[in-house]
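So you can see what is in the structure, the chains are spelled out below.
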Amino acid sequence: MLLLRKAFALTLEPALDNASGGKWTYDGFRPYYAPASHREVVFLCEFFEEMRSGMNMVNTVLEFTNVSFHYQATKASKPIVIFDQVDWHVQEGEFISIIGPSGYGKSTLFRLITGLENPDSGEISLNGEVATKRLGKVGYMPQQDLLMPWRTILENVQLPVELQGRKLSSDEIIQLLADFGLAGEENAYPGNLSGGMRQRVSFLRTILTGSNILLLDEPFSALDAITRLTMQEWLIDQWQKLDKTIVFITHDIDEALFLSDRIFVLAEKPVQTIREVVVPLSRPRTTRDLARPELMELKEQLISELRSEKRL
Amino acid sequence: MKKITSYSWSIFFVAIVLGVWEIAARLYDKSFLFPSPSAILIRLWELKTELFIHHLPPTALTILIGLSISIIIGSTLAIAMYSKKPIEQAFYPILIASQTIPVIALAPIFVLWFGYSIWSKVAVTVLITFFPITVSVFDGLRSSDKNLRELMRTMGASSKDIFYKLDLPSALPSFFSGLKVAVTLSVIGAAIGEWLGAQAGLGYFSRRMMTQFDSAAVFAPIVLLSAVGIIFFLLVVVLEKHFLHWRNHQ
């Protein structure tokens with residue numbers, strides 16, 4: 001009880017000047033504080049309200065409310081329901097991974113977020129506002145690097161800026177390229193670069209969309225194992241520097257565990273709830289962390305979950 | 001260095017053919033029927049003023065005007081077909097059908113319509129070069145990467161942005177392939193046009209010499225015609241290298 005009292009006093013510290021004179025009592029079950037005056041009650045109410053809204057400062061940057069979506073190949077064919085009244089949200093600054101077998105709506109999820117598709121019903125909110133027109137508001141990095149072979153690296157990176165009717169100076173871009181380990185490559189063509197380098201160019205291009213939400217669609221799946229590991233560590237590094245929210249699609253469970261704060265599992269057809277798994281690891285992480293027993297167990301559990309769904 | 005060695009076999013082969021031809025012509029010894037290469041070259045030298053001053057310019061002009069019209073109309077039609085499905089459905093079959101028309105058979109009609117002016121020859125050239133350009137531009141536009149298009153849309157690109165920044169650059173390699181075919185065809189088109197009715201031109205001169213049984217003089221303008229074709233072709237190659245220089249980096 002003493003401890004609780006201390007904690008309470010500590011949170012009240014800045015307010016102690018105004019809130020004082022009340023009495024702590026203990027009724028046999030829990031301690032409670034009896035305010036001395038009506039003025040103090042009003043003050044405490046206001047204080048807690050302020051604290052609550054302070055906690056909400058962790059903003060929701062992306063939110064699905066009751067989203068349903070279906071595909072229909074042709075008018076005659078049967079509609080395939082992908083999402084059925086899905087609720088889902090991502091908070092500011094999070095690193096989120098989406099895993100799930102292919103054909104379970106991972107890419108559709110991204111198409112909905114970017115605005116390439118619109119939901120049949122329900123709402124998608126970006127940065128706290130319902131967004132019906134989302135094209136141009138979310139940074140999307142595709143699976144293949146999709147650099148334009150006829151443009152130099154500098155011109156490729158410039159593309160999203162150009163489409164917004166602005167222009168970055170060459171010096172600015174050269175500086176950014178250097179930060180991304182691409183110094184001296186500004187006049188090279190994509191054909192000259194290795195797969196890992198091209199992905200970094202593609203990532204820089206995604207960042208230059210200026211969006212605070214970045215969607216990465218299996219960006220490292222085409223890279224060899226060593227390059228992929230380097231790129232994963234590099235990505236975490238960039239994420240921590242850049243203060244962006246990242247949603248990352250992968251089918252590699254190790255990758256998801258290594259990178260993310262939370263993992264969302266798409267393993268139903270149609271998807272009705274997106275299961276959430278919080279990764280019990282602090283940062284910075286090393287690949288060795290993945291060998292811990294609790295992580296191994298989590299991994300086993302995720303694999304069996306995905307596999308049992310696949311069998312259906 | 002490598003480039004020269006890659007051509008050396010073809011130079012070697014041409015030399016053998018010319019050598020055999022030369023020997024055969026000298027043994028046969030009827031130069032009005034079967035002239036030797038050396039006789040053709042001599043005739044070319046003798047006729048140089050007439051050929052280069054009087055007959056080469058109209059032919060070269062026909063080729064240039066014809067190609068330009070083909071490029072403008074062909075590209076415009078290809079872009080229209082690419083951007084509007086009904087236009088594609090309306091024109092694509094007609095375009096294919098137009099290629100089944102024997103152009104040579106049609107050429108007299110052009111002479112009837114346009115007379116002996118340069119336009120009858122231009123019309124034949126356009127008809128023959130229009131198809132490869134339209135089809136190559138159309139296919140080039142259609143070959144633009146669908147994923148890249150969607151990526152650009154997620155960046156907020158308008159359809160105008162997508163056309164200028166994605167579709168056009170994507171169509172360029174295919175356009176140049178089509179242009180190479182068209183350039184070689186344009187020489188044929190101009191020559192056919194001139195056979196049927198002209199007052200000057202390499203094709204016209206070649207045909208006129210035939211009536212005079214001067215076969216060396218029949219061949220001389222043909223040598224020039226093929227030289228013109230090669231020069232235009234090389235010009236296109238140079239342009240292609242310039243516009244598609246990024247291809248060297250792959």
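Since this is a predicted model, take the numbers as computed values, not measurements.

### Details of the overall build of chain B
1) Next: Helix and strand counts for chain B stand at ten helices and zero strands.
2) Next: Traced from its N-terminal end to its C-terminal end, chain B shows the element sequence α-α-α-α-α-α-α-α-α-α.
3) Next: Within chain B, the proportion of its 250 residues that are buried is 34%.
4) Next: Across chain B, contacts joining residues at least 24 apart in sequence account for 77% of those joining residues at least 6 apart.

### A look at the overall build of chain A
1) Next: Broken down by element type, chain A carries nine helices and twelve strands.
2) Next: When burial is assessed residue by residue, chain A has 29% of its 312 residues classed as buried.
3) Next: Within chain A, contacts between residues at least 6 apart in sequence are counted, and of these 67% link residues at least 24 apart.

### So, the environment of Leu298(A)
1) Next: Examined against the element boundaries, Leu298(A) turns out to sit in helix α9 (residues 293-311).
2) Next: Once the C-alpha coordinates of Leu298(A) and Pro280(A) are considered, the two residues, 18 residues apart in sequence, prove to be 9.5 Å apart.

### Let's talk about the interface of chain B and chain A
1) Next: With 15 residues of chain B in contact, the opposing surface of chain A contributes 19 residues.
2) Next: Looking at the side of chain B that touches chain A, the elements that each hand over two or more residues are α7 (146-154) and α8 (159-196) of chain B.
3) Next: The dominant element in the side of chain B that touches chain A, judged by the number of residues it contributes, is α7(B), at six residues.
4) Next: Residue composition of the side of chain B that touches chain A, by class: six nonpolar, five polar and four charged.

### Observations concerning the pairing of strand β9 (residues 213-217) of chain A
Residue and element names in this part refer to chain A.
1) Next: The buried count for β9 comes to five of five residues, which makes it a mostly enclosed element.
2) Next: What you see with β9 is no split at all: Ile213, Leu215 and Asp217 on one side and Leu214 and Leu216 on the other are buried throughout.
3) Next: Pairing between strand β8 (residues 139-141) and β9: three bridges, direction parallel. In the strand pairing of β9, Tyr140 is matched with Leu215.
4) Next: One ladder, built from five bridges, connects β9 with strand β10 (residues 245-249); its direction is parallel. Bridge pairing links Asp217 to Ile249 in β10.
5) Next: At this point the chain moves from β9, through helix α7 (residues 225-242), to the parallel β10, and the crossover so formed is right-handed.

### With respect to the packing of helix α3 (residues 48-83) of chain B against helix α10 (residues 215-243) of chain B
All names here are of chain B.
1) Next: The geometry of α3 relative to α10 is characterised by a closest axis approach of 11 Å and an angle of 45° between their N-to-C directions. Taken together, the axis directions place α3 and α10 in an arrangement best described as oblique. Between α3 and α10 the crossing geometry is right-handed. Facing Leu51, His55, Leu56, Thr59, Ala60 and Ile63 of α3, the residues of α10 in contact are Ala220, Pro221, Leu224, Val228 and Phe232.
2) Next: Taken together, the residues of the contact of α3 with α10 sort by class into nine nonpolar, two polar and no charged.

What counts, and at which threshold
- Residues numbered from 1 in each chain as written.
- Chains lettered and ligands numbered in written order.
- Predicted model: local features only at pLDDT ≥ 70, side-chain atom pairs only at ≥ 80, totals over all residues.
- Helix = DSSP H or I, 4+ residues; strand = E, 2+ residues; numbered from the N terminus.
- Buried ≥ 20, exposed ≤ 12 C-beta atoms within 10 Å, placed from the backbone.
- Contact = placed C-beta atoms within 7 Å.
- Nonpolar A, V, L, I, M, F, W, Y, C, P; charged D, E, K, R; others polar.
- Pairing = 2+ DSSP bridges.
- Right-handed = clockwise from strand over helix to strand, strands pointing away.
- Axes fitted to C-alpha atoms, helices over the stretch in contact; angles between N-to-C directions.
- Parallel < 35°, antiparallel > 145°, perpendicular 65-115°, else oblique.
- Left-handed = near helix turned anticlockwise from the far one by under 90°.

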